[in-house]
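Structure assessment
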Amino acid sequence: MSTLSFESLCLKDDYQSSDEAQGMEDETDLESDEKEETQNEMSVSEVYLQACKLVGVVPVSYFIRNINSPTMMLNHHGLGPLGCKALAIALVTDMNINTLELADNNVQAEGAKYLVEMLRANFTIQHLDLSDNHLLSMGAEYVAKLLLDNISLKSLKLSGNGFTDDDARYFAEALSANARIKELNLSHNAFCGKGGEHLGQLLANNEGLEVLDLSWNHLRMKGAVALSAGLKVNMMLKHLDLSWNGFGNEGALAMGEALKFNNTLVHLNLNNNHLTNEGAGMLCRGLEFNDTLRVLLLAYNSLTVEGALALVNMVKNTSKTALEEINICNVLVNETFLNLLEVACQEHPSLDVQYGGVGGFIAKKPPKRVDPMKVIQDYLDQRKLRLWDFFRNIDKDGTMRVPTADFRKAVQQSSIPLDRYQIEELIQRLDRDRTGMVDYRGLADTRKQMMRDHRRQLRKVESRQKKEKQKSDRILKTFQSAVEAVTPRSSMVMSPGGTKEDSSGPQHFSATPLSSWHHIVMSNSSRYSVTNLSNEHIHLPMLGGATPYRPTSSPAMRSYSQPNLLDESPCSAPGKSISAQGVRSDPEMGHSKLSPTANTLTRSRPALNDKQPTVKLKTKKVKKKKKTKKVSKNPT
């Protein structure tokens, strides 16, 4: 491996002698304890001091004192772009440092450029931390080029560098070709919807990443759905941190769909993502089919004891689950939850659920009071009475107006099942002006209004249910589109009757539907397999085997075959079997007797029903008569 020398970086004009470097070292208060000098080469500390003098920065004493340590921690030293330039010059030929931490040094894109040039020659550094350095878009582009060239880096931290949606594209393209990076930290950036789509592509195409931190971004709605789609086809990721992203129930629905098929993820962090009990239920529907996830963090979401019960109940009812830790530390639970958790722990001894405490309750909506007018109407209908029959005992004058006190007393003494609140509501409705007289002529109008309100309420419920269903369908459709976007076309399974698609062309996207995703077989890559995508036994059709047999149509068979026996082609009747000779075998024809003198199956005709031969014979005679008439006309 050839190493770049101090002069080849073109970072100084004239080579300075070792005496001048020693003089500069005397001027500073930095002294090295041990100096290893040779006639042909300078030590790393000497090169660093000389580079600092060249670019005009103050040397960092910590770097010189720990030059032989494998871990170089230079966080919060205020290096700046020029300090990184001097550091890059010194580290070109260094062979000791494998961990370089440069967080919060205001490196900027210019300093990142110098570090990229250094890492093209230095293959010793394996862990690099560039968090909180204001790299922005230009720095993201430089780092992406580094990921394409460097072969030694295993972990990279880029937290808090102001990356946006467009910058995610650089990482997606670079990590699609780099399988050596095992850990990537992109937290505290500004990735939104479009960034989530690029990160979904990253998860779908990368074959080496095991730890990904995307916390404190803005991945919600379409970004969350696209990221979940990439997770669905990923086969390497083990730890995923999505906390503080605002996934919401929409992202929970997509994540549940992804967890049904992902069989590598071990640790999932969804803290503070605006999940409700409904979102927890969506996750549970996906976790019922997952047997690898061990840690699920759902703290600081809008969960109550209902969501906690759903999670524990899922673990109790799923025998193959691998969940060992569930964190809902802000949720207050009740005795029912504790009893259910005790039962679940007996079946899964390794389960540990962290909850906030005991004292929670299930929020129940108060029972809605029945309209008192409807109660009175049902009472009268059951007894076949009229309103006059009910009020004539208290309305002696027949004016259809009774005092409020008499009306209240009469209703309470009757057998109408109305409580005190319903009676007061009815009185307020019939005596709007507070005159102290109840005009029960308005009961008919009240009944009509009650029916209109009831129909209006039903329409509201139906409209709300319809909107919720449309929203779920829209999310699943978006999730399906994202899955199709990250799926190579060569992985699409051919149907038995479909044509085989040419996989030699440069086609990168497929139209595999979501429902058939578990049938995917990657023909060009060995990292996808049927066993990895689903635990169920899947019977796949033959993609390159023999084509379905079609009955031959030789002239001999056409001459001997009878009409109306093979009206439909074998392909048009999927429910009926085809014999080896190509003739359709129906269950009804199985009992028919073939003529013993026939040589082939096509020469014999099965016995038909009583009604059919008469009709077909008549049609044959008519056809014969028509033919004879035509023949007789032709000679004349």
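Our subject is the structure listed above.
Position numbers for residues start from 1 in each chain and track the written sequence from start to end. Confidence filtering applies because this is a predicted model: local features only for residues at pLDDT of at least 70, side-chain atom pairs given and counted only at 80 or more, and all residues used for totals across whole chains, interfaces and linings. Each side-chain value is derived from all of the structure's non-hydrogen atoms; neither hydrogens nor water enter the calculation.

**Structural notes on the overall build of the chain**
- In terms of regular secondary structure, the chain is built from 21 helices and 15 strands.
- Buried residues are those whose accessible area, probed at 1.4 Å on protein chains only, stays under 20% of the maximum for their type, while exposed residues exceed 50% and partly exposed ones sit between those limits. The buried share of the chain, taken over its 636 residues, is 43%.
- The contacts of the chain with a sequence gap of at least 6 include a subset with a gap of at least 24, amounting to 78%.
- Residue exposure ignores everything except the shown protein chains as possible cover, and the areas themselves are Shrake-Rupley values with a 1.4 Å probe. Accessible surface computed for the chain: about 35,900 Å², of which carbon and sulfur atoms make up 51%. Helical segments are the DSSP runs of H or I of at least four residues, strand segments are the runs of E of at least two, and each set is numbered from the N terminus. Contact definition: two residues touch when any of their heavy atoms are within 4.5 Å.

**Quick word on the side chain of Ser-228**
- Note that Ser-228 resides in helix 9 (residues 222–233).
- For Ser-228, a relative accessible area of 0% corresponds to the buried category.
- Of the polar contacts made by the side chain of Ser-228, one reaches the backbone oxygen of Ala-224; its length is 2.9 Å.
- In this structure Ser-228 touches Phe-247, Gly-251, Ala-254, Met-255, Ala-258 and Phe-479, once residues within four positions along its chain are discounted. Here a polar contact means two N or O atoms within 3.5 Å. Within protein one must be a hydrogen donor candidate and the other an acceptor candidate, and residues neighboring in sequence count only if both atoms are side-chain atoms.

**Quick look at the sheet that holds strand 1 (residues 71–73)**
- A pair of strands is labelled paired if DSSP reports no fewer than 2 bridges between them. As summarised here, the arrangement of the 11 strands in space is 1-2-3-4-5-6-7-8-9-10-11, forming an open sheet in which the pairing is parallel. The sheet is open, and its two borders are formed by strand 1 and strand 11 (352–358), each paired with just one other strand. Direction aside, the axes of adjacent strands within the sheet are offset by 5° on average.
- With 3 bridges joining them, strand 9 (residues 295–297) and strand 10 (residues 325–333) adopt parallel strand pairing. Bridging across to strand 10, Val-295 finds its partner in Glu-325. Between N-to-C directions, angles cover 0 to 180 degrees, with each direction set by a line fitted to C-alpha atoms, over the stretch in contact for helices.

**Quick look at the pattern of salt bridges**
- We count a salt bridge whenever a side-chain nitrogen from Lys or Arg sits within 4 Å of a carboxyl oxygen from Asp or Glu. In total, this model carries 8 salt bridges according to the counting rule given.
- In this structure, the salt-bridge partner of Glu-250 is Lys-471, at a minimum N-O distance of 2.8 Å. Taken together, the residues Glu-250 in helix 10 (residues 248–259) and Lys-471 in helix 18 (residues 442–485) connect sequence positions 221 residues apart.
- A residue is classified by how much of its surface remains accessible, and Glu-250, at 13% relative accessible area, is buried.
- A single salt-bridge network, built from bridges that share partners, covers Glu-117, Arg-120 and Asp-149.

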